[in-house]
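Residue-level structural notes
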Amino acid sequence: ETGVTQTPRHLVMGMTNKKSLKCEQHLGHNAMYWYKQSAKKPLELMFVYNFKEQTENNSVPSRFSPECPNSSHLFLHLHTLQPEDSALYLCASSQEATSGNNEQFFGPGTRLTVL
Amino acid sequence: GNSVTQMEGPVTLSEEAFLTINCTYTATGYPSLFWYVQYPGEGLQLLLKATKADDKGSNKGFEATYRKETTSFHLEKGSVQVSDSAVYFCALINNNDMRFGAGTRLTVKP
């Protein structure tokens, strides 16, 4: 399998549930990203990992917890979410996060609905 | 700070019409500029890019020219197809900071 994959593609959860989103990249990249895409809002960068180290956390609430066990895998652990957290969560990867010419490759996203 | 502003949609065109989606940016220095496309049910795909002033990025009949004097990177296509229906995002990277525009939804009707 090539590119960036995300599982699950769709997730419905209650506010008291705990779930995790998974992202895997097969491109040999060293940087991985989580984005949130809500209707009628710009893409929001949530977290950046570069060589497995978290380099950016854009004031994301603690109910979102990222994990990067290696440079090919990225998780987003979810707990006690709110309905307004319903969105498309996109994972991306790039060669590294410190290069100015750093195109990102995106996965298909996980459509999350919080009831 | 860095930011990207692109024309609001939705944009609806007939097949074979000419397309322009405006994008302007704010940044210090020399950002790299990108257009990404998101087809229904999919993630973003890089469409084209330009890394310095006056560069022209092109792919699948789409073009955009990096204009530093007007801080613009407008996307154009001479003859759109139904299969071009998607959401288009303008983006920049500057000093390790990546910013996306809000996206413009394009619908092409037969």
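Residues numbered from 1 in each chain as written. Chains lettered and ligands numbered in written order. Predicted model: local features only at pLDDT ≥ 70, side-chain atom pairs only at ≥ 80, totals over all residues. Heavy atoms only, no water.

**A look at the state of the cysteines**
The test is simple: Throughout, a disulfide means two cysteine sulfur atoms within 2.5 Å of one another. To qualify as a helix, a DSSP run of H or I must reach at least 4 residues; to qualify as a strand, a run of E must reach at least 2; elements of each kind are numbered from the N terminus. The buried label goes to any residue with under 20% of its type's maximum accessible area, the exposed label to any with over 50%, and the partly exposed label to all in between, with areas taken from a 1.4 Å probe on protein chains only.
In the structure shown here, the tally under the stated rule is 2 disulfides over all chains. In this model C23 of chain A forms its disulfide with C91 of chain A; the gap between the sulfur atoms is 1.9 Å. The sign of the S-S torsion, about -75°, decides the handedness of the disulfide formed by C23 of chain A and C91 of chain A: left-handed. With C23 of chain A in strand β3 (residues 18–25) and C91 of chain A in strand β9 (residues 87–94), the pair connects residues that are 68 residues apart, well separated along the chain. Of the two residues examined, C23 of chain A and C91 of chain A, each falls in the buried class. Two residues share a disulfide in this structure: C23 of chain B and C90 of chain B, whose sulfurs sit 1.9 Å from each other. The disulfide joining C23 of chain B to C90 of chain B has a torsion of about -70° about its S-S bond and is therefore left-handed. On the criterion of sequence distance, the pair formed by C23 of chain B in strand β4 (residues 23–26) and C90 of chain B in strand β10 (residues 86–94) is long-range, its members being 67 residues apart. Of the residues examined, C23 of chain B reaches a relative accessible area of 1% and is grouped as buried. The thiol of C68 of chain A is not disulfide-bonded; the next cysteine sulfur, from C91 of chain A, is found 9.1 Å away.

**Section: the nonpolar core**
All names here are of chain B. How we decide: Buried Ala, Val, Leu, Ile, Met, Phe, Trp, Tyr and Cys residues form a nonpolar core when they are joined through side-chain atoms within 4.5 Å.
Within the largest apolar cluster, 26 residues are counted, with the highest numbers of intra-cluster contacts made by W35, L47, L48, F73, L75 and Y88. Mapped onto this core, the elements with two or more residues apiece are β2 (11–14), β3 (19–21), β4, β5 (32–38), β6 (44–50), β8 (62–65), β10 and β12 (104–109). Examining the composition of this core, we find that 4 residues originate from one element, β10, more than from any other.

**Focus on the interface of chain B and chain A**
We apply this condition: Contacts are assigned to residue pairs with any non-hydrogen atoms lying within 4.5 Å of each other. As a working definition, buried area equals the accessible area (1.4 Å probe) given up by two parts on being put together, with both sides summed. We define a salt bridge as a contact between a side-chain nitrogen of Lys or Arg and a carboxyl oxygen of Asp or Glu at a distance within 4 Å. We call two N or O atoms a polar contact when they sit within 3.5 Å, provided that within protein one can donate a hydrogen and the other can accept it, with sequence-adjacent residues counted only if both atoms are side-chain atoms. Residues are sorted three ways: Asp, Glu, Lys and Arg are charged, Ala, Val, Leu, Ile, Met, Phe, Trp, Tyr, Cys and Pro are nonpolar, and all the rest, Gly among them, are polar.
Of the residues lining the interface, 18 residues belong to chain B; the matching set on chain A comes to 19 residues. In total, chain B and chain A occlude about 1400 Å² of area from one another, counting both sides; carbon and sulfur atoms represent 50% of this. Of all residues in chain B, L44, N96 and F100 of chain B give up the largest surface area on contact with chain A, accounting jointly for 31% of the area buried on that side. Between chain B and chain A we count 1 salt bridge in total. A salt bridge links K49 of chain B to E103 of chain A, with the nearest nitrogen and oxygen atoms 2.6 Å apart. In this structure, the connection of chain B to chain A is made through 4 residue pairs in polar contact (both at pLDDT 80 or more). Those elements that place two or more of their residues in the side of chain B that touches chain A are β5, β6, β10 and β11 (97–100) of chain B. Of all the elements, β5 of chain B adds the most residues to the side of chain B that touches chain A, at 4 residues. Counted by class, the side of chain B that touches chain A contains 9 nonpolar, 7 polar and 2 charged residues.

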